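# Structure assessment
The residues making up each chain are set out below.
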Amino acid sequence: MISLLFFSCEPLATSFDDTEDAVLYQASTLRQIPQPDSSIKVMTWNIRFGIGRSPWFGDACGNNTVFTKEEVMPHLDSIVDAINMIRPDILMLQECDVASQRTAYTNDLQYIIDNTYFNYAAYVPEWKAQFIASDGLGRMDMGQVILSRWPITDSKRINLAARGDQSGLVNYFYLHSCIITGNIKIPGFEEFSVLNIHASAFATDDTKKKHYEEFKSMLDKIDAEGGYFIAGGDLNELPPGSDSTDFCFEDMCPGESFHQPGDDPQHKDGSNYTPEITWLQPLYDAYKCAVPLDRYQQNQEAYFTHTTRPGHFWDRTLDYLFTNHRWVKDSDVTHQYLLRYSDHAPVTARFLLKKEN
Amino acid sequence: MKRTFLAFALLLIFTALLQAQSQFTGRFMGYNTAYLLPEKKWESGIRQPLRVGLSQKAEIYSTVLALPLTPNAGIKIAWGELGGFRFATAHSLSVPSPVLNMLSRNGIGGFISPEFTFPFILSINNSVLASRPLCYSALLTIKAEFLFALRGGEIDPQSTIDLPIMYPRMAHYYKGTSVRLAANVRAPICHKAGVEEGVEVFMITRSGNNFFAENTGYVYWKMCKKMRLKAGYNLSYGSYPFGNHWQLWPSVDLLLGNLR
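The rules behind each value
Residues numbered from 1 in each chain as written. Chains lettered and ligands numbered in written order. Predicted model: local features only at pLDDT ≥ 70, side-chain atom pairs only at ≥ 80, totals over all residues. Heavy atoms only, no water. Pairing = 2+ DSSP bridges. Helix = DSSP H or I, 4+ residues; strand = E, 2+ residues; numbered from the N terminus. Contact = heavy atoms within 4.5 Å. Buried area = accessible area lost by both parts, 1.4 Å probe. Salt bridge = Lys/Arg side-chain N within 4 Å of Asp/Glu carboxyl O. Phe/Tyr/Trp six-rings, centres within 6.5 Å; stacked < 30°, edge-to-face > 60°. Buried < 20%, exposed > 50% of the residue type's maximum accessible area, 1.4 Å probe, protein only. Lys NZ or Arg CZ within 6 Å of the ring centre and 35° of its normal. pLDDT = per-residue confidence, 0-100. Axes fitted to C-alpha atoms, helices over the stretch in contact; angles between N-to-C directions. Disulfide = S-S within 2.5 Å. Core = buried A, V, L, I, M, F, W, Y, C linked by side-chain atoms within 4.5 Å.

Across the sheet, which stays open at both edges, the seven strands sit in the order S1-S7-S8-S9-S10-S12-S11 (chain A) with mixed pairing between neighbours. Only two strands of the sheet have a single partner each, and these edge strands are strand S1 (19-21) and strand S11 (288-289) of chain A.

Before going further, it helps to spend a moment on the interface of chain B and chain A. Of the residues lining the interface, 26 residues belong to chain B; the matching set on chain A comes to 26 residues. Carbon and sulfur atoms make up 56% of the area that chain B and chain A hide from each other, which totals about 2,000 Å². Taken together, chain B and chain A are joined by zero salt bridges. Per element, the largest residue contribution to the side of chain B that touches chain A is five residues, and it comes from strand S12 (residues 243-257) of chain B.

The final tally for this structure, using the stated rule, is 23 aromatic pairs over all chains. Look at A:Tyr172 and A:Phe173: their rings are 4.9 Å apart centre to centre, the planes differ by 85°, and that puts the pair in the edge-to-face class. Residue classification places A:Tyr172 among the partly exposed positions, given a relative accessible area of 30%. Look at A:Tyr284 and A:Tyr320: their rings are 6.3 Å apart centre to centre, the planes differ by 80°, and that puts the pair in the edge-to-face class. With a gap of 36 residues between them, A:Tyr284 in helix H7 (residues 281-286) and A:Tyr320 in strand S12 (residues 319-323) connect regions that are remote in the sequence. This pair shows no difference in class: A:Tyr284 is buried, exactly as A:Tyr320 is. Within the aromatic cluster, the residues linked to one another by ring pairs are A:Tyr105, B:Tyr167, B:Phe212, B:Tyr240 and B:Phe242. The positively charged end of A:Arg87 is found above the aromatic ring belonging to A:Tyr117, 4.1 Å away from the centroid. When the ring centre of A:Phe16 is taken as origin, the NZ or CZ atom of A:Arg157, which lies over that ring, is 3.6 Å away.

Let us look at the confidence of the model for chain A. Averaged over every residue, the pLDDT of chain A is 95; the share at 70 or more is 97%. A low-confidence stretch, residues 1-7 of chain A (pLDDT under 50), is modelled with five contacts involving residues beyond four sequence positions or located in other chains.

Two faces belong to every sheet, and in a regular strand the side chains alternate between them. Residue and element names in this part refer to chain B. Burial runs high along strand S3 (residues 58-62): four of the five residues are buried. The antiparallel hairpin formed by strand S2 (residues 50-53) and S3 contains four residues in its connecting segment. As defined by bridge partners, S3 adjoins strand S4 (residues 72-82) across four bridges and the pair is classed as antiparallel. Residue pairing in the sheet places Ile60 in a bridge with Ile75 of S4.

Residue and element names in this part refer to chain A. Residue classification places Tyr284 among the buried residues on the basis of a relative accessible area of 12%. Placed 38 residues apart in sequence, Tyr284 and Phe322 show a C-alpha to C-alpha distance of 8.3 Å. When near neighbours in sequence (up to four residues on either side) are disregarded, Tyr284 contacts Pro239, Pro240, Cys289, Val291, Leu293, Tyr320 and Phe322.

To continue, consider the sheet that holds strand S6 (residues 138-148) of chain A. By definition, the strands of a sheet pair up through backbone hydrogen bonds, in either a parallel or an antiparallel sense. All names here are of chain A. Read across the sheet, seven strands follow the order S2-S5-S6-S4-S3-S14-S13 without closing on themselves; strand pairing throughout is mixed. Every other strand in the sheet has two partners, leaving strand S2 (23-26) and strand S13 (333-334) as the edge strands with one partner each. The pairing of strand S3 (residues 39-46) with strand S4 (residues 90-97) spans five bridges and is parallel. Across the sheet, residue Trp45 finds its bridge partner in S4, namely Leu93. Along the sheet, helix H2 (residues 69-86) contacts S3, S4 and strand S14 (347-352); its crossing angle with S3, the most-contacted strand, is approximately 160°.

All names here are of chain A. Taken as a whole and assessed by the stated rule, the structure comprises one disulfide over all chains. Residue pairing for Cys61: its cysteine sulfur links by disulfide to Cys253, the two sulfurs lying 2.0 Å apart. Taking the sign of the S-S torsion, -85° for the link of Cys61 and Cys253, the bridge is left-handed. With a gap of 192 residues between them, Cys61 in the loop between S3 and H2 and Cys253 in the loop between helix H6 (248-251) and H7 connect regions that are remote in the sequence.

Next up on the list: the nonpolar core. All names here are of chain A. Formed by 40 residues in total, the largest nonpolar core has its most connected members in Trp45, Ile83, Leu93, Leu109, Ile112, Val145 and Leu147. Only S3, H2, S4, helix H3 (108-115), strand S5 (120-132) and S6 provide two or more residues apiece to this core. With eight residues, the top contributor of residues to this core is H2. If we ignore the near neighbours within four places in the chain, the residues touching Trp45 are Ile79, Ala82, Ile83, Met92, Leu93, Gln94, Leu338, Tyr341, Ser342, His344, Ala345 and Pro346.

The linkage connecting A:Asp264 with the following residue, A:Pro265, adopts the cis geometry, with an omega of 10°. Tracing the backbone shows A:Pro265 in the loop between H6 and H7. With a phi close to 70°, B:Lys40 is a non-glycine residue in the positive phi region. Examined against the element boundaries, B:Lys40 turns out to sit in the loop between helix H1 (2-21) and strand S1 (42-44). With a relative accessible area of 69%, B:Lys40 lands in the exposed category.

The next thing to look at is the environment of B:Ala130. Residue and element names in this part refer to chain B. In this structure, Ala130 sits in strand S6 (residues 121-133). Exposure remark for Ala130: the relative accessible area of 6% places this residue in the buried category. For the pair Ala130 and Phe148, spaced 18 residues apart in sequence, the C-alpha separation works out to 22 Å. For Ala130, the contacting residues outside a window of four places in its chain are Ala34, Phe85, Arg86, Phe87, Leu140, Thr141 and Ile142.

Listed below in structure tokens is the structure:
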């Protein structure tokens, strides 16, 4: 009875330790795994919890907070179709709902496992609350995922710095940015690490910078220990040297005003990257991005992965793949044609594996 | 282990002695029993409704703090005794539409998404209560309650507040009739304090998310002549839209009245 009482004390919102174990999933029937010769395809995709480009209140000037199963399922089917078409071997997802009221408690991850070819997945919550009494959000369980054909071991949730520009109460119920990590061993090749980050989108202080520093410090540690990794995700930051760094007007909702005398704030939260434009430089300096910086800078539009505006083309780059080993030259693809599937485009690249000695 | 058992046994004996010696104010006038408040007596809590004794036959009640946003009123009628049980029925009406529309809003306080608008809802509650004194001055009450709602239009099933305690009590606004069966025992500990332990099951006449159960326990403490503190727990289990769920929550109320 006492243990029942303890287990039933679910808090209204979940706080996280610095490091926690991930939740592991496995397909009910394991699919055959093709043996790679020297490389595998890796993909990162922020799937916007399976609502496609629907006008959600939180990021697209929409009036809707919750969506019905009938509204969510066609978008999830599109995501599944895209995954089955692109066929990555390792998939890093951000904004994956597993039990949220806003998506009618659809388990996006379970649906993706059941309807693709992946055998294993690891999930960590980024935003978990029994009830959020704001905008009708209600119950929330959204997080990050690593999907793999091969078993994922030692998968952890690494908590990132809390937003410094929020009150304690708001922060308690708000999402807690994190990294999901895991190790993957492919027969015949050395084990490698996978790190999937979803950095803060709307912080207006140096929280994002802290997230990149924490991310890089984890990569540095693996590198220093002789390991190799695939690291990526939605960094919510522009590459250094981007031509356009202020998206207040693009992201402005009806009735909002920015940049005018007397406007407070002057910039829309999460839309002005100007003071942050060099924050990813250390990552580029230390590791290899699937889309090299010089190539991006020469033809930026070709690598845009995000827009807040339903019906508009991508207008900025926020999604990345890095490694300390090697990408197959020119193997990267920014899947910009998947415009209606999410507010982010997936990015893929082929990752060279290290042969086992 | 032996020490724990000994301490527990001593506590039980001590409690029983106190129970045998005491009489607890309000035991037979408590909320959720078949007993009515005597004429001109009243009691109200912050969450518990204001009850006013009209006569030996009738008591009226209303949750006063909720009145502006949830107009509500009820009457409890005494029907006499049979087989050692005292019987009463309670009948109440409430209109939750204004509070639901207020909670459907943007920003903090938005329990429900602002995209939902609630039509007129009239919630009708009828219950039968039977109480019987037990040994050690304890009182057993059993209750059967039937709730249904008249709705002025369709209510979106996604506009629910999926929280324990709230969800089962609002279920009949959306679909089905709610049948609740409850039993509680209350007993004095000393002249200033009493305890109450109860169980309640909620069954909703619909195909899913239709069963809930609660176990509640309270200690009453008479702080002064007109004020009692009620504190305890609510342990709930139920089938919610997100799955089956256990929850333990504390429960506190302050009761005011002129029972003595």
